[in-house]
Amino acid sequence: DDDEKPDVVVATSSAPPPPSQQQHEEEEDPREHLNLVFIGHVDAGKSTLAGNVLYLTGRVDKRTIEKFEREAKERNRDSWFLAFIMDTNEEERAKGKTVEVGRATFSTATRRYTILDAPGHKDYVPRMIAGAAQADVGILVVSARRGEFETGFERGGQTREHAMLAKTLGVRYLIVAVNKMDTVGWSTERFDECVTKLKPFLKKCGYTIKKEVRFLALSALNGKNVETGLLACLDSLPISAASPESPLRLPVLARYYDRGVVATGKVETGRVSKGDTVVVMPTNLRAKIDAVFVDDARPVRSAKPGDNVTLRLSLTTIQDLRKGYVLCAQPPKPVTSFTAQIALVDLLEHRPVFTAGYNCILHAHTLDTECTVARLLRVNKSERRCFAKRGDLVIARLAVPQSICIEPFDDVHQLGRLTLRDEGKSIAIGKVLSLDENDDDDD
Ligand code: GDP
């Protein structure tokens with residue numbers, strides 16, 4: 001059964017130490033923590049760039065690099081060695097394709113970062129959603145190589161889809177890395193051409209270009225402008241994490257059993273501390289937090305918004321926890337029906353009408369579930385139509401088969417964004433406006 005597999009393969013971190021082991025908890029690191037997601041079309045150079053960032057910040061040593069270089073050579077893919085650092089799964093290496101969301105950490109003098117390396121392959125967009133739902137900054141990698149930029153940016157290419165999803169999932173800043181500049185002789189014209197094509201599109205996605213988007217020319221392969229450009233740019237982004245004073249919201253990204261129930265996820269709001277009792281939503285179970293870890297199993301007393309954590313919980317079985325459940329203090333009401341505003345960005349050709357009864361997959365924070373349109377309330381602000389088409393902005397009541405934990409966007413942004421997908425394609429993006437009362441209150 002699919003449920004037993006970890007939802008995200010944590011590539012570089014090890015399981016936390018067992019509960020019995022005496023551990024010294026560290027004080028909170030005063031440096032701010034940011035989550036990064038690498039997005040963009042397949043082969044744009046995401047893994048290579050992430051690999052080089054880890055190398056340049058000292059997270060991988062020369063010997064490991066050399067080992068990867070040798071392995072890549074043996075497989076006749078010598079230029080891929082940096083990508084090997086991120087793609088640790090054997091199957092991926094053989095294929096040369098990033099299929100899981102890898103995770104790795106690095107730090108600079110001023111900030112700590114976690115990289116969620118999103119894959120560019122079309123089939124893996126749901127995983128990209130899981131990564132981007134946690135990210136503060138998206139690094140949109142595009143290839144400047146002639147022909148490659150164009151392919152990635154065409155209809156059906158992932159440059160467009162990823163950028164659009166990133167915005168709805170709460171990625172606040174976008175750094176556009178115009179990569180492979182070495183292949184065009186660092187031509188300013190080519191760089192400007194890519195930037196000019198991207199700008200109007202990113203605006204349409206909802207980004208304010210001046211404040212929220214930065215463009216950089218670089219070469220991931222030889223590292224040019226990675227340290228002085230990309231890392232400097234990351235350190236300078238004016239981001240401050242959500243307030244730790246609000247009640248805890250921690251969507252579960254993955255859970256597994258290792259001498260006890262272990263969960264991973266990002267603290268969206270509030271704070272989680274060792275010894276706290278949290279409520280697991282939507283089931284209303286109570287659980288004690290036995291231990292909190294950040295960055296690759298480093299024990300801490302408490303974690304704040306923005307931190308990626310691994311938790312040991314006093315739950316008896318792994319069935320008590322699922323991807324998409326939310327750990328809360330002062331929990332919101334679980335719902336099976338809610339009202340949302342959604343933009344129908346790309347309905348399927350053979351299902352061109354969005355109307356009551358339409359069913360698809362709902363993605364919100366780390367959650368995915370079946371979902372049905374119960375009712376269309378408004379189309380394009382004022383019209384009272386009972387159907388909608390591609391390009392329409394609708395307000396609709398949506399229903400899900402089992403209680404879920406989401407919140408109005410205006411209350412908690414991170415728990416109020418959603419994406420609808422159908423047959424593996426993103427058809428709509430939007431936000432939760434309000435929660436409906438549960439009719440069948442059976443819990
Ligand atoms: P991903 O699918 O986006 O993760 O792309 P990869 O990182 O696997 O890179 C795809 C291919 O592009 C590999 O052959 C890389 O060596 C190559 N590549 C990545 N960055 C650069 C670059 O800056 N210059 C050149 N010439 N090739 C690059």
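Taking an unreviewed UniProt entry as the reference, the chain is identified by name as Tr-type G domain-containing protein belonging to Chrysophaeum taylorii. The chain has a UniProt comment under Sequence similarities (unreviewed entry) that states "Belongs to the TRAFAC class translation factor GTPase superfamily. Classic translation factor GTPase family. EF-Tu/EF-1A subfamily."

A. Main features of helix α1 (residues 46–56). Among the 11 residues that make up α1, nine are buried, leaving the element largely enclosed by the rest of the structure. Looking only at α1, the buried set comprises Lys 46, Ser 47, Thr 48, Leu 49, Ala 50, Gly 51, Asn 52, Val 53 and Leu 54. Backbone geometry just after α1 places Gly 58 at a positive phi near 80 degrees.

B. Examining the sheet that holds strand β22 (residues 417–422) more closely. Reading around the circumference, β16-β21-β19-β18-β22-β23 is the order of the six strands in this closed barrel, with antiparallel pairing throughout. Between one strand axis and the next, the sheet turns through 45 degrees on average, direction left out of account. Pairing analysis gives six bridges linking strand β18 (residues 359–364) to strand β19 (residues 367–379), with the strands arranged antiparallel. By the bridge assignment for β19, Asn 359 is matched with Thr 372.

C. Highlighting the pairing of strand β8 (residues 261–266). Within β8, six of the six residues are buried, which leaves the element mostly enclosed by the surrounding structure. A two-sided burial pattern is seen for β8, the buried positions comprising Val 261, Ala 263 and Gly 265 on one face and Val 262, Thr 264 and Lys 266 on the other. With five bridges joining them, strand β7 (residues 249–257) and β8 adopt antiparallel strand pairing. Within the sheet, the bridge partner assigned to Val 252 lies in β8 and is Gly 265. As paired strands, β8 and strand β14 (residues 308–313) are joined by six bridges and run antiparallel to one another. In the sheet register, Val 261 faces β14, and the bridge partner there is Leu 313.

D. Structural context of the nonpolar core. Core analysis: the largest hydrophobic core is formed by 31 residues, its most contacted members being Leu 140, Val 176, Val 178, Leu 198, Leu 202, Val 213 and Phe 215. At seven residues, the largest contribution of residues to this core is made by helix α8 (residues 188–205).

E. Geometry of the packing of aromatic side chains. For the structure shown, the criterion picks out four aromatic pairs. A centroid spacing of 4.9 Å and a plane angle of 15 degrees characterise the contact between Phe 106 and Tyr 113, whose relative ring orientation is stacked. Side by side, Phe 106 and Tyr 113 carry an identical accessibility label, which is buried. Between the aromatic rings of Phe 153 and Phe 201, the centroid separation amounts to 5.6 Å while the plane-to-plane angle is 85 degrees, which identifies the pairing as edge-to-face. Taken together, the residues Phe 153 in helix α6 (residues 148–153) and Phe 201 in helix α8 connect sequence positions 48 residues apart. Through a chain of ring-to-ring contacts, three or more aromatic side chains come together here, namely Phe 149, Phe 153 and Phe 201.

F. Fine view of α8. Given a rise of 1.5 Å per residue, 18 residues ought to cover 26 Å, and the 26 Å separating the end C-alpha atoms of α8 matches this to within 8%. Helix geometry: α8 is bent most strongly at Lys 199, by close to 30 degrees, with proline Pro 200 lying one to four residues after it. Restricting attention to buried positions, one finds in α8 the residues Arg 190, Phe 191, Cys 194, Val 195, Leu 198, Phe 201, Leu 202 and Cys 205. Of the residues trailing α8, Gly 206 is marked for its positive phi of about 110 degrees.

G. Molecular detail of unusual backbone geometry. Following Met 281, the chain continues to Pro 282 via a peptide bond in cis, the omega torsion being 10 degrees. With respect to the element layout, Pro 282 can be found in the loop between β10 (277–281) and β11 (285–294). One non-glycine residue, Arg 259, adopts positive backbone phi at about 50 degrees. Relative to the assigned elements, Arg 259 resides in the loop between β7 and β8. One non-glycine residue, Glu 423, lies in the positive phi region at around 45 degrees.

H. Spatial organisation of the pattern of salt bridges. Under the definition given, this model contains 16 salt bridges. Residue Asp 307 pairs with Arg 112 through a salt bridge whose shortest N-O separation is 3.4 Å. Of this pair, Asp 307 sits in the loop between β13 (302–303) and β14 while Arg 112 sits in strand β3 (residues 111–117), placing them 195 residues apart in sequence. In this structure, Asp 307 and Arg 112 share a single accessibility class: buried. Its salt-bridge partner being Lys 197, residue Glu 193 comes within 3.5 Å of it at the nearest N-O pair. Placement of the pair is Glu 193 and Lys 197 together in helix α8, with a separation of four residues, close to one helical turn.

I. Broad picture of the side chain of Thr 264. Examined against the element boundaries, Thr 264 turns out to sit in strand β8. Contacts of Thr 264, omitting those with residues within four sequence positions, involve Pro 251, Val 252, Leu 253, Ala 254, Tyr 256, Val 309 and Thr 310.

Each value, and the rule that gives it
Residues numbered from 1 in each chain as written. Predicted model: local features only at pLDDT ≥ 70, side-chain atom pairs only at ≥ 80, totals over all residues. Heavy atoms only, no water. UniProt positions renumbered as here; feature names shortened; annotations may be inferred. Buried < 20%, exposed > 50% of the residue type's maximum accessible area, 1.4 Å probe, protein only. Helix = DSSP H or I, 4+ residues; strand = E, 2+ residues; numbered from the N terminus. Pairing = 2+ DSSP bridges. Axes fitted to C-alpha atoms, helices over the stretch in contact; angles between N-to-C directions. Core = buried A, V, L, I, M, F, W, Y, C linked by side-chain atoms within 4.5 Å. Phe/Tyr/Trp six-rings, centres within 6.5 Å; stacked < 30°, edge-to-face > 60°. Expected span 1.5 Å × (residues − 1). Bend = angle between axes of the 7 residues up to and from the residue. Salt bridge = Lys/Arg side-chain N within 4 Å of Asp/Glu carboxyl O. Contact = heavy atoms within 4.5 Å.

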